[in-house]
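The chain contents come next:
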Amino acid sequence: QEYTCIKLETLEWADRAKEVIGDKLPAGAKVFFIPATLRPETMYGQLCCFVGTKVRYGIFELGSGKNEYVAATPRAARNMSYQNLSPAWGVTNQIVELLGSDLIGTLVNAPLSTEVNGIRILPMESLKDSMGTAVVACVPSDSPDDYATILELQKKPEYFGIQKEWVDKEILPIISTPKGDLIAKTLYEELGINSPKDAKQLAEAKEIAYKLGFYQGTMIYGPFAGKSVADARDLVGKQLIDEDLAFRYAEPDGLVISRSG
Ligand code: ZZB
């Protein structure tokens, strides 16, 4: 599986994260949350960024030589170290360990997002710690899972320990499909989904959304408006990488590549 990791630069840490990090990062260090995505063309619609509250993350040095660090799972960092993304081949440099719950509320800058003042790190209960970087770019216009989680967070912000205004945002249409311009919402309603726990229907909705988007979707937002999703995917991905706002990250499917893994 080849993903594009988007570099969401941290603007302001949540209090708990600040305490844990203390003075462990070098002066001037930039720390990025790096959601792994298969759909860079949807990044205009990022409304927030998800982590799992019980997932263990680390802050790891990137191999760019530019005082750059990433927040990701140790597993992802190890995979990255075999892809010339760490200071040395097969070596990771972990600065600190954090629990996902420590990160909730952190403010990050999301490249291309319409939310130009930054987006928040928020909890996703259905997030898998064994996939990608265990950080997910939330695009509720086009991802049924993200839409379901946003609705849940909007319903009970106090329960999740977040501020209401972090999720009370308008969902902007990014892609036009034969089933409308907000495919995630349409499928959520059509398939009678009620919560992020409806895993079976959500998997079906994801499948349909992928197919409709890729084969019949047209961009309606951004510089590639009018282009097919298939064309825009490569163009947006390339633009993000050329501007050093993203990098490619591959993951061996179901294969353990480290002895300790
Ligand atoms: C943005 C986005 C926008 C995504 C969209 C999907 C969609 P797949 O197909 O099963 O391989 N993802 C990445 N990591 C995780 C994780 N650890 N736990 C849960 N979800 C994760 O899934 C790949 C997609 O799942 C990725 O692409 C990411 O969300 C999410 F409009 O990034 B995507 C119809 C889907 N639409």
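### Points about the packing of aromatic side chains
So, point 1. Counting across every chain of the model gives seven aromatic pairs.
So, point 2. Both rings, one in Tyr 147 and one in Tyr 188, keep their centres 5.2 Å apart while their planes meet at 75 degrees; by these two values the pair is edge-to-face. One end of the pair, Tyr 147, is in helix α4 (residues 144-155); the other, Tyr 188, is in helix α6 (residues 183-190), and 41 residues separate them in sequence.
So, point 3. For Tyr 147, a relative accessible area of 7% corresponds to the buried category.
So, point 4. Given the relative accessible area of 7%, Tyr 188 is considered buried.
So, point 5. Ring geometry for Phe 214 against Tyr 215: centres 5.3 Å apart, planes inclined by 80 degrees, an arrangement best described as edge-to-face.
So, point 6. Assessed through its relative accessible area of 64%, Tyr 215 is described here as exposed.
So, point 7. Over the aromatic face of Phe 32 sits the side chain of Lys 7, whose NZ or CZ is 4.8 Å from the ring centroid.
So, point 8. A cation over a ring is seen here: Lys 156 above Tyr 159, with NZ or CZ 4.7 Å from the ring centre.

### Points about the pairing of strand β2 (residues 8-12)
So, point 1. The sheet contact formed by β2 and strand β3 (residues 30-33) spans two bridges and is antiparallel. From the neighbouring strand, Glu 9 faces β3, where its bridge partner is Phe 32.
So, point 2. With three bridges joining them, β2 and strand β9 (residues 107-109) adopt antiparallel strand pairing. Across the sheet, the residue bridging to Glu 12 is Leu 107, located in β9.

### Digging into the pattern of salt bridges
So, point 1. In this structure the tally under the stated criterion is 17 salt bridges.
So, point 2. Salt-bridge contacts for Lys 7 lead to Asp 244; the nearest nitrogen and oxygen are separated by 3.0 Å. Here the residue Lys 7 occupies a position in the loop between β1 (2-6) and β2, and Asp 244 occupies one in the loop between α8 (229-242) and β14 (246-250), the gap between them amounting to 237 residues.
So, point 3. On the accessibility criterion, Lys 7 (4% relative accessible area) is buried.
So, point 4. A relative accessible area of 33% places Asp 244 in the partly exposed class.
So, point 5. Glu 115 is paired through a salt bridge with Lys 169; the nearest N and O atoms lie 3.2 Å apart. Placement of the pair is Glu 115 in the loop between β9 and β10 (119-123) and Lys 169 in the loop between α5 (157-160) and β12 (175-176), with a sequence separation of 54 residues.
So, point 6. Taking relative accessible area as the criterion, Lys 169 reaches 22% and is therefore assigned partly exposed.
So, point 7. Members of the salt-bridge network, linked through shared partners, are Lys 7, Lys 66, Glu 68 and Asp 244.

### Examining the layout of surface pockets
So, point 1. Of the pockets and cavities examined, the largest pocket occupies roughly 720 Å³.
So, point 2. Around the largest pocket, the lining is made up of 31 residues, and of these Met 131, Val 136, Ser 143, Asp 145 and Lys 206 lie nearest the centre.
So, point 3. Of all the elements, helix α7 (residues 199-216) adds the most residues to the lining of the largest pocket, at six residues.
So, point 4. Here the residues of the lining of the largest pocket are counted per class, giving 19 nonpolar, six polar and six charged.

### Let's talk about the sheet that holds β3
Think of a sheet as strands paired side by side through backbone hydrogen bonds, with each pair either parallel or antiparallel.
So, point 1. The strand order β8-β6-β7-β3-β2-β9-β10-β5-β11 describes an open sheet built from nine strands, whose pairing is mixed. Two strands lie at the open edges of the sheet, namely β8 (94-99) and β11 (135-138), each paired on one side alone. Averaged over neighbouring strand pairs, the angle between their axes works out to 35 degrees when direction is ignored.
So, point 2. The sheet contact formed by β3 and strand β7 (residues 68-72) spans four bridges and is parallel. Paired with Lys 30 across the two strands is Glu 68, which belongs to β7.
So, point 3. Those strands touched by α4 are β5 (48-51), β10 and β11, and its axis lies near 95 degrees from that of β5.

Thresholds applied
Position numbers for residues start from 1 in each chain and track the written sequence from start to end. For this predicted model, a pLDDT threshold of at least 70 governs which residues receive local features, and a threshold of 80 or more governs which side-chain atom pairs are given and counted, while totals over whole chains, interfaces and linings are taken from all residues. As a rule here, side-chain values come from all non-hydrogen atoms in the structure, and water together with hydrogens is ignored. Note on aromatic pairs: the rings of Phe, Tyr and Trp (six-membered ring only in Trp) are paired at centre separations within 6.5 Å, and the planes decide the class, stacked below 30 degrees, edge-to-face beyond 60, tilted for the rest. Per the convention used, a helix needs a DSSP run of H or I reaching at least four residues, while a strand needs a run of E reaching at least two, with both numbered from the N terminus. For every residue, the accessible area (1.4 Å probe, protein chains only) is compared with the maximum for its type, and the residue is labelled buried under 20%, exposed over 50%, or partly exposed between those bounds. Only when the NZ atom of a Lys or the CZ atom of an Arg is both within 6 Å of the ring centre and within 35 degrees of the ring normal do we say a charge sits over the ring. Between any two strands, at least two bridges found by DSSP are needed for them to pair. We define a salt bridge as a side-chain nitrogen of Lys or Arg found within 4 Å of a carboxyl oxygen belonging to Asp or Glu. The pocket and cavity definitions rest on a 1 Å grid over protein atoms only: a 1.4 Å probe that fits but cannot leave marks a cavity, an open set with protein on both sides within 12 Å along at least five of seven lines marks a pocket, and residues lining either have an atom within 4 Å of a point. Grid points are joined across faces, edges and corners, and a volume is the space filled by probe spheres set on the points. In the scheme used here, Gly and all other residues not listed as nonpolar or charged are polar, with Ala, Val, Leu, Ile, Met, Phe, Trp, Tyr, Cys and Pro taken as nonpolar and Asp, Glu, Lys and Arg as charged. Between N-to-C directions, angles cover 0 to 180 degrees, with each direction set by a line fitted to C-alpha atoms, over the stretch in contact for helices. Here a residue-residue contact requires only that any non-hydrogen atoms of the pair lie within 4.5 Å.

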